[in-house]
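Chain by chain, the residues:
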Amino acid sequence: MYEDIYHVPVLLNETIDLLINENLDRQIIVDGTLGGGGYSELICKRFNELNSKDNLLICFDKDEHAISFASNRLKIYSEKIIIEKGNFADMRLALKKHNIPSVTGIVLDLGLSSYQLENEDGFSFMRNTTLDMRADKEKTLTAKDILNSYSAEELSVIFEQFGEIGNPDRLSESIALYRKISPFKTTEDLTHLIDAKYKIDKKNKMNFLAKIFQALRIEVNGELEDLKSILSDSKDLLQRGGRIAVITYHSLEDRIVKLYFKEKSFKEKKSKYSIDKNDLINPEFKLVNKKVITPSYKEISENPRSRSAKLRVAEKL
Ligand SMILES: C[S@@+](CC[C@H](N)C(=O)[O-])C[C@H]1O[C@@H](n2cnc3c(N)ncnc32)[C@H](O)[C@@H]1O
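Each value, and the rule that gives it
- Residues numbered from 1 in each chain as written.
- Predicted model: local features only at pLDDT ≥ 70, side-chain atom pairs only at ≥ 80, totals over all residues.
- Heavy atoms only, no water.
- Helix = DSSP H or I, 4+ residues; strand = E, 2+ residues; numbered from the N terminus.
- Contact = heavy atoms within 4.5 Å.
- Expected span 1.5 Å × (residues − 1).
- Buried < 20%, exposed > 50% of the residue type's maximum accessible area, 1.4 Å probe, protein only.
- Near = heavy atom within 4 Å.
- Polar contact = N/O pair within 3.5 Å; in protein donor to acceptor, adjacent residues only side chain to side chain.
- Areas by Shrake-Rupley, 256 points an atom, 1.4 Å probe, with all protein chains shown as cover.
- Nonpolar A, V, L, I, M, F, W, Y, C, P; charged D, E, K, R; others polar.
- Axes fitted to C-alpha atoms, helices over the stretch in contact; angles between N-to-C directions.
- Parallel < 35°, antiparallel > 145°, perpendicular 65-115°, else oblique.
- Left-handed = near helix turned anticlockwise from the far one by under 90°.
- Core = buried A, V, L, I, M, F, W, Y, C linked by side-chain atoms within 4.5 Å.
- Domains from an automatic or database assignment.
- Pairing = 2+ DSSP bridges.
- Salt bridge = Lys/Arg side-chain N within 4 Å of Asp/Glu carboxyl O.
- Buried area = accessible area lost by both parts, 1.4 Å probe.

## Looking at the environment of Leu193
Along the chain, the position of Leu193 falls in helix H10 (residues 187-197). Leu193 sits 71 residues away from Gly122 along the chain, and the two C-alpha atoms are 16 Å apart. Discounting chain neighbours no more than four positions away, the residues touching Leu193 are Ser174, Ile175, Tyr178 and Phe184.

What follows is the structure, given as structure tokens:
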């Protein structure tokens, strides 16, 4: 199917099964990462099986192409859907604009679609394209700008924090030298630099490039800040019993989700000086899955891109 060429949804049934709390009367679900619309399509199908008639799905994606592709795919459900180009970090404002004070579900399938990886500029080191990496083409900062204009110190911080690269200074200093001779333009400029400066075998080179590309992509798109912001907003946006499901694809994202859910689902003492045992702050969430959910062996063999996926779901108390 043409949808499968755009993007094969990962952990599809597992995610939507846990996202929808059928005990709630009217479902108002937000798909914050519409992509090819695979999750949204299944949510609409589930709506048809539920008793309540006025369920609503609100979808966001910051990529214009994802919006037009998925809008076309989902047009038979247009009565139940609002689709908008936008960042999920701005969900609070967007919902307010539509007079939606609270929702019963939020799903975030982070990262990139297969379409973006294979067709949009800069995301993959397997193709020679402009070092762009913007999911939202209305933004101005590109990967090329970062490589050509950030100081070596600033580059080191990104490579260390967003790529977890050991000895980031060696890489940043090589970049700072290279760009004096010829500014970075394409993905090949970066791969050539790695070939010239690092004598490593093919497998290690691939891993290294993956980390460098991940770090640049996170910086270009502000990915971790957006994630922290929506997690923090979700406790106000979700109704009691409403759920948030997050699928992550690398350890930096997963750590943020895991820690946030853990922190918010524990009873904690109001103050370390508190003497009253009952003086506790009540948790705001409960974990729906205590153990992280990962794709089956079968799913990974059919869709290798799913291999690093991790699903965590929490319910607002
Ligand atoms: C893995 S794909 C989602 C695939 C989707 N679940 C499906 O079934 O087709 C991730 C999508 O999220 C979008 N995205 C990533 N970060 C975003 C953000 N902060 N706000 C809105 N969209 C975002 C990307 O542009 C991409 O289209």
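Okay, back to it.
## Regarding helix H11 (residues 202-221)
Given a rise of 1.5 Å per residue, 20 residues ought to cover 28 Å, and the 28 Å separating the end C-alpha atoms of H11 matches this to within 8%. For H11, the set of buried residues is Phe208, Leu209, Ile212, Phe213, Gln214, Ala215, Leu216, Arg217, Ile218, Val220 and Asn221. Of the surrounding secondary structure, the elements contacted by the buried residues of H11 are helix H7 (143-149), helix H8 (152-163), helix H9 (168-181), H10, helix H12 (223-237) and helix H13 (251-264).

## Some details on the site of the ligand
The environment of the ligand is formed by 23 residues, the closest being Asp61, Asn87, Phe88, Asp109 and Gln116. Within the contact set of the ligand, a nitrogen atom lies 3.2 Å away from a backbone nitrogen or oxygen of Lys62. Asp109 places a side-chain nitrogen or oxygen 2.8 Å from a nitrogen atom of the ligand. For the ligand, whose accessible area on its own is 610 Å², the fraction buried by protein is 97%. When grouped by side-chain class, the residues that make up the shell around the ligand number six nonpolar, twelve polar and five charged.

## Quick look at the packing of helix H2 (residues 12-19) against helix H3 (residues 38-49)
Contact geometry of H2 with H3 gives a least axis separation of 10 Å together with a crossing angle of 50 degrees. By the angle between their axes, H2 is oblique relative to H3. Seen along the crossing, H2 lies across H3 with a hand that is right-handed. Taking contact as the criterion, the partners of Leu12, Asn13, Thr15, Ile16, Asp17 and Leu19 in H2 are, on H3, Gly38, Tyr39, Leu42, Ile43 and Arg46. Residues belonging to the contact of H2 with H3 are distributed by class as follows: six nonpolar, three polar and two charged.

## Some thoughts on the nonpolar core
Core analysis: the biggest nonpolar cluster contains 57 residues, and Phe159 and Ile244 have the highest contact counts within it. With eight residues, the top contributor of residues to this core is H11. Of the residues that make up this core, three or more belong to each of domain 1 (2-115 + 223-316) and domain 2 (124-221). Residues within four places of Phe159 in sequence aside, it is in contact with Leu147, Glu164, Ile165, Pro168, Leu171, Ser172, Ile175, Ile212, Ala215 and Leu216. Ranked by size, the runner-up nonpolar core spans 27 residues in total, among them Tyr77, Ile81, Val107 and Tyr249.

## Focus: the sheet that holds strand E8 (residues 285-287)
Pairing between sheet strands relies on hydrogen bonds along the backbone, with the strands arranged either parallel or antiparallel. Ordered by their spatial adjacency, seven strands build an open sheet running E3-E2-E1-E4-E5-E9-E8, and the pairing between neighbours is mixed. Edge positions in the sheet fall to strand E3 (81-85) and E8, since each has one partner strand and no second. Direction aside, neighbouring strands of the sheet carry axes that sit 15 degrees apart on average. Of the strand pairs in this sheet, strand E5 (residues 238-248) and strand E9 (residues 310-316) are connected by six bridges, and their pairing is antiparallel. Among the inter-strand pairings, Val246 is bridged to a residue of E9, identified as Arg312.

## What to know about the pairing of strand E2 (residues 56-61)
Most of E2 is tucked away: six of the six residues are buried. The alternating pattern of E2 places Leu56, Ile58 and Phe60 and Leu57, Cys59 and Asp61 on opposite faces, both of which are buried. Bridge analysis of strand E1 (residues 28-31) against E2 gives four bridges, and the strand direction is parallel. Bridge pairing links Ile28 to Leu56 in E2.

## Describing the pattern of salt bridges
Under the definition given, this model contains 22 salt bridges. Arg26 is the partner of Asp54 in a salt bridge, and the nearest nitrogen-oxygen pair spans 3.9 Å. Of the two residues, Asp54 sits in the loop between H3 and E2 while Arg26 sits in the loop between H2 and E1, which places them 28 residues apart along the sequence. Classification of Asp54 by relative accessible area gives partly exposed; the value is 46%.

## So, the domain arrangement of the chain
As assigned here, the chain comprises domain 1 (2-115 + 223-316) and domain 2 (124-221). Of the roughly 1,100 Å² buried at the junction of domain 1 and domain 2 (both faces included), carbon and sulfur atoms supply 48%. The three residues of domain 1 that bury the most area against domain 2 are Lys62, Glu223 and Leu252, which together make up 49% of that side's buried surface. The interface formed by domain 1 and domain 2 holds four salt bridges in total. Measuring nitrogen to oxygen at the nearest pair gives 3.0 Å for the salt bridge that ties Lys85 to Asp136.

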